[in-house]
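For reference, the chains in residue letters:
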Amino acid sequence: MAMFGVADLGPIRGTFRPDILTAARGLEYGISMGYRLSDPVLDGIADRPTLIYKHHYKVANYMLDQAAAHVASYIHQQRKRALPIPASQVIDWKDNYGHLSHKAIAVQAGLGWIGRSALFLHPVHRGRLRLVTVLTDLPLVSGAPLAGKGPCDGCRACIDACPAGAISEAGYDRARCAEKLKEFSRMPGIGQSICGVCVKVCR
Ligand code: SF4
Ligand code: SF4
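Let me begin by describing the structure that accompanies this report. Values in this document were obtained by computation on a predicted structure and should not be read as measured data.

### Notes on the layout of surface pockets
- Here the largest pocket defines a volume of roughly 1600 Å³.
- Every residue lining the largest pocket is counted, 50 residues in all, and those nearest its centre are Y57, N96, K103, R130 and R174.
- The set of elements that each furnish at least two residues to the lining of the largest pocket consists of α3 (51-77), α4 (102-108), β6 (129-136), α6 (174-185) and α7 (197-201).
- The element that contributes the greatest number of residues to the lining of the largest pocket is α6, accounting for six residues.

Below, the structure written as structure tokens:
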């Protein structure tokens, strides 16, 4: 994995979706991991997703889920509890939310910031990471959110590139983005809500 860190879940537990609240009870830490997407795959994107990006996106999520399962298995061997959260499982199709925000965990772990594109931004890999989380009661040393706002000041790359006009100086318009993703999902062979344009330009 390209990124690894630990978050104290106390300040962000309230952002979890109700479906995992019972399972997450007593789990005080969130292990955040990031998989670096392929530059050549991303660089092949112009203004819409490509078939090779679709495949790579699927494999990245699979790799993350496997890594989370391995970490959970190790924690179980220490006789502690671990709850691996799927890398890319939607539980609210209207607003496109998962069980929790992997980005919020990564920020709380001190690994980066949320950019104006709403992507998680790492100091080195910028927006080119996919994330996964394992919740656990294994005692760990947690990080703290980074100071500052991250690298968005003075950058307009995603504002200029977004094919939906969903990103502005003011931030990210979820509804506009979702509408464009729906359109992309109808492209031949794509079949899912992906885009890749703001991921590509955030480097
Ligand atoms: S492309 Fe630039 S403005 Fe957009 S999220 Fe990345 S760093 Fe921020
Ligand atoms: S995913 Fe695509 S449509 Fe949505 S904000 Fe990023 S570039 Fe725009």
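### Some thoughts on the site of ligand 2
- Close to ligand 2 lie C162, P163, A164, I167, Y172, C177, K180, L181, C195, V197 and C198.
- The pocket occupied by ligand 2, as judged from atoms lying within 2 Å of grid points, is the largest pocket.
- Those elements that place two or more of their residues in the shell around ligand 2 are α6 and α7.
- Residues belonging to the shell around ligand 2 are distributed by class as follows: ten nonpolar, no polar and one charged.

Procedures and definitions
Residues numbered from 1 in each chain as written. Chains lettered and ligands numbered in written order. Predicted model: local features only at pLDDT ≥ 70, side-chain atom pairs only at ≥ 80, totals over all residues. Heavy atoms only, no water. 1 Å grid on protein atoms, 1.4 Å probe; cavity = no way out; pocket = protein on both sides within 12 Å on 5 of 7 lines; lining within 4 Å. Points joined across faces, edges and corners; volume = space filled by probe spheres on them. Helix = DSSP H or I, 4+ residues; strand = E, 2+ residues; numbered from the N terminus. Near = heavy atom within 4 Å. Sits in = over half its atoms within 2 Å of the grid points. Nonpolar A, V, L, I, M, F, W, Y, C, P; charged D, E, K, R; others polar.

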